[in-house]
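Each chain, letter by letter, is given below.
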Amino acid sequence: AQSVTQLDSQVPVFEEAPVELRCNYSSSVSVYLFWYVQYPNQGLQLLLKYLSGSTLVKGINGFEAEFNKSQTSFHLRKPSVHISDTAEYFCAVVLANFGNEKLTFGTGTRLTIIP
Amino acid sequence: KAGVTQTPRYLIKTRGQQVTLSCSPISGHRSVSWYQQTPGQGLQFLFEYFSETQRNKGNFPGRFSGRQFSNSRSEMNVSTLELGDSALYLCASSLTGGKLQRSSYEQYFGPGTRLTVT
């Protein structure tokens with residue numbers, strides 16, 4: 001079975017500083033990888049996804065992530081954060097090529113931007 | 001294009017009652033998935049429906065059930081509610097053709113229904 005680990009439950013960052021949110025996964029088969037963001041009292045919004053191709057994936061709101069197969073990681077980065085980035089971020093995986101929409105989520109990282 | 005809608009947004013029920021939640025996917029989307037979000041367990045997959053058939057199921061008791069209609073709208077039902085069922089229930093839709101057609105794997109989430117069981 002696949003699993004996702006987000007080691008940091010909370011990450012405080014000063015405004016305009018860079019940030020990295022870590023995500024590691026475990027699976028015996030190939031997976032597709034995703035980052036979602038959840039703002040207070042809202043559903044989840046897809047930030048970016050990795051299915052194949054270039055290991056550096058660019059998403060919305062200036063976020064990017066790099067797929068590292070050898071380290072089974074998919075860390076999310078942003079070079080300069082804004083107050084509006086305050087939210088909870090979830091890393092997720094789907095089994096590849098199964099026609100399967102079941103997302104397995106990590107426990108989330110709460111990003112707090114300090115003015 | 002309208003997003004995923006969920007009704008009601010908030011619900012308060014008493015232990016032992018049953019509840020039905022509704023989800024209308026984005027037009028053209030045929031897959032609907034349901035997730036439960038709680039502070040303790042995080043986001044957990046309940047089930048997925050595609051073309052009115054349950055295609056995938058998570059590890060939840062039989063009290064949790066769902067269905068999908070021909071217009072892709074979906075409902076989930078929880079019978080004999082327990083205090084631990086208090087959660088945010090999220091619905092997500094995606095444009096997928098099933099196993100024979102590459103899925104976009106992009107799930108679009110609704111705002112959720114917050115269920116409180118007292």
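Residues numbered from 1 in each chain as written. Chains lettered and ligands numbered in written order. Predicted model: local features only at pLDDT ≥ 70, side-chain atom pairs only at ≥ 80, totals over all residues. Heavy atoms only, no water.

Q: Quick question: what am I supposed to make of the overall build of chain A here?
A: Broken down by element type, chain A carries 0 helices and 12 strands. The secondary structure elements of chain A, listed N-terminal to C-terminal, are β-β-β-β-β-β-β-β-β-β-β-β. Against the 2.2 N^0.38 benchmark of 13 Å for 115 residues, chain A shows a C-alpha radius of gyration of 14 Å, consistent with a compact globule. Across its three principal axes, chain A shows a C-alpha extent of roughly 45 × 30 × 20 Å. (Helix = DSSP H or I, 4+ residues; strand = E, 2+ residues; numbered from the N terminus. Rg over C-alpha atoms; globule rule 2.2 N^0.38 Å.)

Q: Honestly, empty space enclosed by the protein in this entry has me stumped. Any pointers?
A: A probe matching the size of a water molecule, rolled over the atoms, marks out where space remains unfilled. Counted by the stated rule, this structure contains 1 cavity of 30 Å³ or more. The computed volume of the largest cavity comes to approximately 70 Å³. For the largest cavity, the full set of lining residues is Asn41(A), Gln42(A), Arg9(B), Tyr10(B), Leu88(B), Pro111(B), Gly112(B), Thr113(B) and Arg114(B). Partitioning the lining of the largest cavity into residue classes produces 3 nonpolar, 4 polar and 2 charged. (1 Å grid on protein atoms, 1.4 Å probe; cavity = no way out; pocket = protein on both sides within 12 Å on 5 of 7 lines; lining within 4 Å. Points joined across faces, edges and corners; volume = space filled by probe spheres on them. Nonpolar A, V, L, I, M, F, W, Y, C, P; charged D, E, K, R; others polar.)

Q: How should the state of the cysteines be read in this particular structure?
A: Note on terminology: disulfide describes a covalent bond linking the sulfur atoms of two cysteines. Considering all chains together, one arrives at 2 disulfides over all chains under this definition. Here Cys23(A) pairs with Cys91(A) through a disulfide, and the sulfurs are 1.9 Å apart. The chirality of the disulfide connecting Cys23(A) with Cys91(A) is left-handed, given an S-S dihedral of about -65 degrees. Here the residue Cys23(A) occupies a position in the loop between strand 3 (19-21) and strand 4 (24-26), and Cys91(A) occupies one in strand 10 (residues 87-95), the gap between them amounting to 68 residues. Take Cys91(A): its relative accessible area is 0%, and that puts it in the buried class. In this model Cys23(B) forms its disulfide with Cys91(B); the gap between the sulfur atoms is 1.7 Å. (Disulfide = S-S within 2.5 Å. Buried < 20%, exposed > 50% of the residue type's maximum accessible area, 1.4 Å probe, protein only.)

Q: Any chance you could explain the packing of aromatic side chains here in plain terms?
A: By convention here, two paired aromatic rings are described through the distance between centres and the angle between planes. Tallying each qualifying case throughout the model produces 13 aromatic pairs over all chains. Between Tyr25(A) and Phe67(A), the aromatic rings sit 6.3 Å apart at their centres with planes inclined by 25 degrees, giving stacked as the arrangement. Placement of the pair is Tyr25(A) in strand 4 and Phe67(A) in strand 8 (residues 64-68), with a sequence separation of 42 residues. On the basis of relative accessible area, Tyr25(A) is assigned to the buried category, the value being 11%. Its relative accessible area of 12% is what places Phe67(A) among the buried residues. What links up through ring pairs into an aromatic cluster is the set Phe34(A), Tyr36(A), Phe90(A), Phe105(A), Tyr35(B), Phe45(B) and Phe109(B). If you follow Arg55(B) out to its NZ or CZ, it ends over the ring of Phe50(B), 4.6 Å from the centre. (Phe/Tyr/Trp six-rings, centres within 6.5 Å; stacked < 30°, edge-to-face > 60°. Lys NZ or Arg CZ within 6 Å of the ring centre and 35° of its normal.)

Q: I would appreciate a short explanation of the pattern of salt bridges in the present structure.
A: Side chains that carry opposite charge are capable of pairing whenever their charged atoms lie near each other. The tally for this structure, following the rule as stated, stands at 12 salt bridges over all chains. Among the ionic contacts, a cluster of salt bridges with common partners joins Glu20(A), Glu66(A) and Arg77(A). (Salt bridge = Lys/Arg side-chain N within 4 Å of Asp/Glu carboxyl O.)

Q: Just checking my understanding: could you explain the sheet that holds strand 7 (residues 64-68) of chain B for this structure?
A: Residues and elements named next belong to chain B. Read from one edge of the open sheet, 4 strands run 1-3-8-7, paired in antiparallel fashion. Edge positions in the open sheet fall to strand 1 (5-7) and strand 7, since each of these has one partner strand only. For this sheet, the mean angle separating the axes of adjacent strands, direction not counted, is 20 degrees. Judged from the 3 bridges that link them, strand 1 and strand 3 (residues 19-24) form a sheet pairing that is antiparallel. What sits directly across from Thr 7, in strand 3, is Ser 22. (Pairing = 2+ DSSP bridges. Axes fitted to C-alpha atoms, helices over the stretch in contact; angles between N-to-C directions.)

Q: Sorry, what's going on with the side chain of Asn77(B) here?
A: Residue and element names in this part refer to chain B. Locating Asn 77 in the fold gives a position in strand 8 (residues 74-78). Side-chain polar atoms of Asn 77 contact the backbone oxygen of Val 19, separated by 3.3 Å. What Asn 77 contacts, discounting residues up to four positions off in sequence, is Gln 18, Val 19, Thr 20, Arg 63, Phe 64 and Ser 65. (Polar contact = N/O pair within 3.5 Å; in protein donor to acceptor, adjacent residues only side chain to side chain. Contact = heavy atoms within 4.5 Å.)

Q: Help me out: how do you make sense of the layout of surface pockets in this one?
A: As a volume, the largest pocket reaches approximately 480 Å³. In this structure, the largest pocket is lined by 24 residues; those nearest its centre are Gln38(A), Glu88(A), Phe90(A), Arg110(A) and Gln37(B). Of all elements in the fold, only strand 10 and strand 12 (109-114) of chain A together with strand 4 (31-38), strand 5 (42-50) and strand 9 (87-94) of chain B reach the threshold of two or more residues within the lining of the largest pocket. For the lining of the largest pocket, the class distribution of residues is 9 nonpolar, 12 polar and 3 charged. Of the voids in this model, the second largest pocket is the one considered here, and its volume is about 290 Å³.

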